[in-house]
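Remarks on the overall topology
One-letter residues, chain by chain:
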Amino acid sequence: MFFMIDNLRKIYPSLIIYEEGIHDLDSSYKWFMTEENEIIGIYKSQLTPRDISVLTAFLTPYDSEFPPLTEAEQKWRKAIDSNSSSETENVETTRPYRFVYFSIKKNQISPVLFKDAIHELFPEKVPILWENRHEGILIEHANSLQDSIYYEEIIDVLMSDLYIKINFLVGPFKEETENVTDYYSFMIKAAKSIFSYSKKQVANFSETVPYLLIDQTEKGQYLSIREMVLQGYADDEETLRMIEVFTKCNLNISETAKELHLHRNSLQYRLDRFTENTGIDIRKFHNAMAVYLALLVKPQV
């Protein structure tokens, strides 16, 4: 790699290797990333369109709006992209870690400012791997000496201070990095699935399972299942709302009645009516799960 850079410097004397704290991502340079995740810059005035075309054949253009990768981020990026055991050995595994997917509304904040804001909210600097300018993965390490991080609170701070609309999907803690590439890919796929259907701002990985199952079902089949399960209640917003709250309250009638501002007996009557008309007793877990899956996704008009 050093041999290649030395040869490039003979052609482009302005070439520099980015070093944090020494260089800025000066806009007068065209920036590239090597296979080793090193960032190099060449004066734009020294590059013709043909030069850029040739360089991008073996270097990855680097967007200067992204913060440069830290050493830890470089190690994680290599481990995920290569899926190689030799690379996964280089990342920190002394503490359990988890991937936390995030997505920001487009054009609300630059990646550099977002990273600064996130580092203010965590007790230690968390590696951030960007998929694009508005979504990526935080890598959080467990620390028995710190309080749990609540992503709902992070959202409240970002909303109140920076007016940022953001979603988080929180993955499970892991100790091994053997399947780190699969873990990363799953988080990206699961996040796109749940946030395309759900309005939740913070979700746990287990909550994505129903949505992933729905995504595996053909649209026509899913609509047929919905119709057969919900029957005459498919367009009854009041009843569907009751069922949704009932499942979120863990099939607890008292909590559901309180949430819906109904008398307990009134709720009991409505549940009985639903059972009589559909033959489905949603007070039983397996029935409630079937109905819950059926009403998760509303058919588009």
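Whatever comes next refers back to the structure up there.
What this report covers is the structure whose coordinates are included nearby. (Residues numbered from 1 in each chain as written. Predicted model: local features only at pLDDT ≥ 70, side-chain atom pairs only at ≥ 80, totals over all residues. Heavy atoms only, no water.)

**Digging into the packing of aromatic side chains**
When we look at a pair of aromatic rings, we describe it by the centre distance and by the angle of the planes. What counts is decided by this rule: Aromatic contacts are taken between Phe, Tyr and Trp rings whose centres are within 6.5 Å, Trp giving its six-membered ring; a plane angle under 30 degrees counts as stacked, one over 60 as edge-to-face, and the others as tilted. Every helix listed is a DSSP run of H or I at least four residues long, and every strand listed is a run of E at least two residues long, numbered separately from the N terminus. Whether a residue is buried, partly exposed or exposed follows from its accessible area with a 1.4 Å probe, protein chains only, as a fraction of its type maximum: under 20%, in between, or over 50%, in that order.
For the coordinates displayed, the defined rule picks out 18 aromatic pairs. Ring centres of Trp76 and Phe99 lie 5.8 Å apart, and the angle between their planes is 75°; on these two criteria the pair is classed as edge-to-face. One end of the pair, Trp76, is in helix 3 (residues 71–82); the other, Phe99, is in strand 5 (residues 97–104), and 23 residues separate them in sequence. On the basis of relative accessible area, Phe99 is assigned to the buried category, the value being 0%. Judged by centre distance (5.9 Å) and plane angle (85°), the rings of Phe99 and Tyr184 are edge-to-face. Taken together, the residues span a long stretch of sequence, with Phe99 in strand 5 and Tyr184 in helix 7 (residues 180–197) at a distance of 85 residues. You'll find Phe99 and Tyr184 in the same group, each marked buried.

**A look at helix 6 (residues 151–162)**
Counted only if it meets this: Helices are assigned an expected span. That span is 1.5 Å times one less than the residue count. When we speak of the arc, we mean the arc of directions from the helix axis to the C-beta atoms. Any pair of residues with heavy atoms lying within 4.5 Å of one another is described as a contacting pair.
For helix 6, spanning 12 residues, the distance from its first C-alpha to its last is 16 Å, which sits close to the expected 16 Å at 1.5 Å a residue. Tyr151, Ile154, Ile155 and Leu158 are the residues of helix 6 that are buried. Within helix 6, the buried residues cover an arc of 100° as seen down the axis, which keeps them to one side. Exposed residues lying more than 90 degrees from the buried face of helix 6 are Asp156 and Asp161. Those residues of helix 6 that are buried are in contact with strand 5, helix 5 (111–121), strand 7 (135–141), strand 8 (166–170) and strand 9 (202–204). One or two residues past the end of helix 6 sits Tyr163, with phi positive at roughly 60°.

**Some remarks on the side chain of Arg226**
Note the cut-off: Under the convention used here, Asp and Glu are negative, Lys and Arg are positive, and both His and the chain ends fall outside the count. Note on definitions: salt bridges are taken to be side-chain nitrogens of Lys or Arg within 4 Å of carboxyl oxygens of Asp or Glu. Under the rule applied, a polar contact is a pair of N or O atoms within 3.5 Å (in protein, one hydrogen donor and one hydrogen acceptor; residues adjacent in sequence only if both atoms are side-chain atoms).
Relative to the helices and strands, Arg226 resides in helix 9 (residues 219–230). The buried charged residue Arg226 lacks any salt bridge, with Asp235 as its nearest oppositely charged partner at 5.5 Å. Of note is the side chain of Arg226, whose polar atom sits 3.3 Å from the backbone oxygen of Ala234.

**Concerning the sheet that holds strand 4 (residues 60–61)**
So the rule is basically this: Any two strands are treated as partners once DSSP identifies two or more bridges connecting them.
Taken in spatial order, the 4 strands of this open sheet run 1-3-2-4, and their pairing is antiparallel. Strands at the two margins of the open sheet, each flanked by one partner only, are strand 1 (16–17) and strand 4. Sheet analysis places strand 1 next to strand 3 (residues 39–43), joined by 2 bridges and oriented antiparallel. Along strand 3, the bridge assignment pairs Ile16 with Gly41.

**Details of the pattern of salt bridges**
Tallied over the entire structure, the rule returns 13 salt bridges. Put simply, Asp6 and Arg9 hold a salt bridge, and the shortest N to O gap is 3.7 Å. Taken together, the residues Asp6 and Arg9, both in helix 1 (residues 2–11) and 3 residues apart, mark about one turn of the helix. On the basis of relative accessibility, which here comes to 41%, the residue Asp6 falls in the partly exposed class. With its nearest N and O atoms 3.0 Å apart, the salt bridge here joins Glu124 to Arg95. Of the two residues, Glu124 is situated in the loop between helix 5 and strand 6 (128–132) and Arg95 in the loop between helix 4 (85–88) and strand 5; the sequence distance between them amounts to 29 residues. Overall, Arg95 belongs to the partly exposed group, its relative accessible area being 21%. One connected set of salt bridges, linked through shared partners, spans Asp272, Asp281 and Arg283.

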